[in-house]
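Reading the structure
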Amino acid sequence: SGVFGLELDFATRDEQWLADAELVDAAVGFDRLIAWASARQSAVLAEFARRGGDGSIRPVTAAVPAREWAADEIAMALTVSPGSARVRLAVAARLDGALRRTREVLEAGRICPSRARLIADRVALLPDAVATVVQDRVLPKAPGQTWAQLDAALRRAITAIDPEGAAERHRAATKERRVDVFAQDDGMATLWARMTAPDAAASFEWLTRLARGMGADDRTLDQRRADLLAAALTGKLVIRDPAADPVMAAPVTPG
């Protein structure tokens, strides 16, 4: 609460006099304070989205806020893009409804804002009833899990609770496979690909096996993988099947 914030501020006013354990406790305390503030902000954003421009109250039944210009008003107030403001309001509305328990755990300081956002993101496309069941399954262990562990738990829960929906979403996601490139600093760029998980895993494994087969040199394994990928995609890398090449397939007689 705000009172806890005042107590924490007073207790850490002279950091140099605190013992190591007290500094760690203070770091945990500030983390919980951030979570509390995030939950309270989410609550007021949800309330703001519920209201009409004249101050009247209108119920919100979907994840998208009802107030027509809410995103633009919040974007100006928080100095964020309208897109970011829309996402904040949508998450706030879900945390005020189907994911209310997630917001309560966040307000208690038991999970951080990034974990609460992770839960909201993973169930964003699920109906409220299904989203609530997924939330209830993962929340008990969430405070003791890392972000990656919670992410894995959410994926397992969604697949177990809504297998038909998961299969349908996979089919829809497969249609979005593509390759893109993003410019970076220092003359570098990122080549990005969206594909099915089996194809991605097999591609990475293939690159890794080729890179290790090159033997040790002055490049790291990551660098060899990147060089091999560039060579393969630009036509510089040619892989021959020994069984189809009479020269390579011919037995070597010891001299």
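Residues numbered from 1 in each chain as written. Predicted model: local features only at pLDDT ≥ 70, side-chain atom pairs only at ≥ 80, totals over all residues. Heavy atoms only, no water.

Before going further, it helps to spend a moment on helix 10 (residues 197-213). Taking 1.5 Å as the rise per residue, helix 10 with 17 residues should run 24 Å; its terminal C-alpha atoms sit 24 Å apart, in good agreement. Looking at helix 10, one finds that the buried residues are Leu207, Thr208 and Ala211. All buried residues of helix 10 lie within an arc of 100 degrees about the axis, which places them on one face of the element. Across from the buried face of helix 10, at angles greater than 90 degrees, the exposed residues are Pro198, Arg209 and Gly213. (Helix = DSSP H or I, 4+ residues; strand = E, 2+ residues; numbered from the N terminus. Expected span 1.5 Å × (residues − 1). Buried < 20%, exposed > 50% of the residue type's maximum accessible area, 1.4 Å probe, protein only. Arc of directions from axis to C-beta.)

The next point concerns a nonpolar patch on the surface. On the surface, Val179, Val181, Leu191, Leu229 and Leu233 cluster together to form a nonpolar patch covering roughly 480 Å² of accessible area. When residues of the nonpolar patch are traced back to their parent elements, those giving at least two are strand 1 (178-183) and helix 11 (221-233). (Patch = residues over 30% accessible without salt bridge, like charges linked within 9 Å, V, L, I, M, F, W, Y side chains within 5 Å. Areas by Shrake-Rupley, 256 points an atom, 1.4 Å probe, with all protein chains shown as cover. Salt bridge = Lys/Arg side-chain N within 4 Å of Asp/Glu carboxyl O.)

Before going further, it helps to spend a moment on the environment of Val28. Locating Val28 in the fold gives a position in helix 2 (residues 20-50). Along the sequence, Val28 and Gly109 sit 81 residues apart, while their C-alpha atoms lie 9.5 Å from each other.

Let us now look at the pattern of salt bridges. Overall, the coordinates contain 17 salt bridges when judged by the stated rule. Between Arg103 and Asp96 there is a salt bridge, with its nearest N and O atoms 2.7 Å apart. A salt bridge links Arg117 to Asp121; the shortest N-O distance between them is 2.9 Å. One end of the pair is Arg117 and the other is Asp121, both in helix 6 (residues 113-122) and four residues apart, which spans about a single turn. By relative accessible area, which is 36% here, Arg117 ends up partly exposed.

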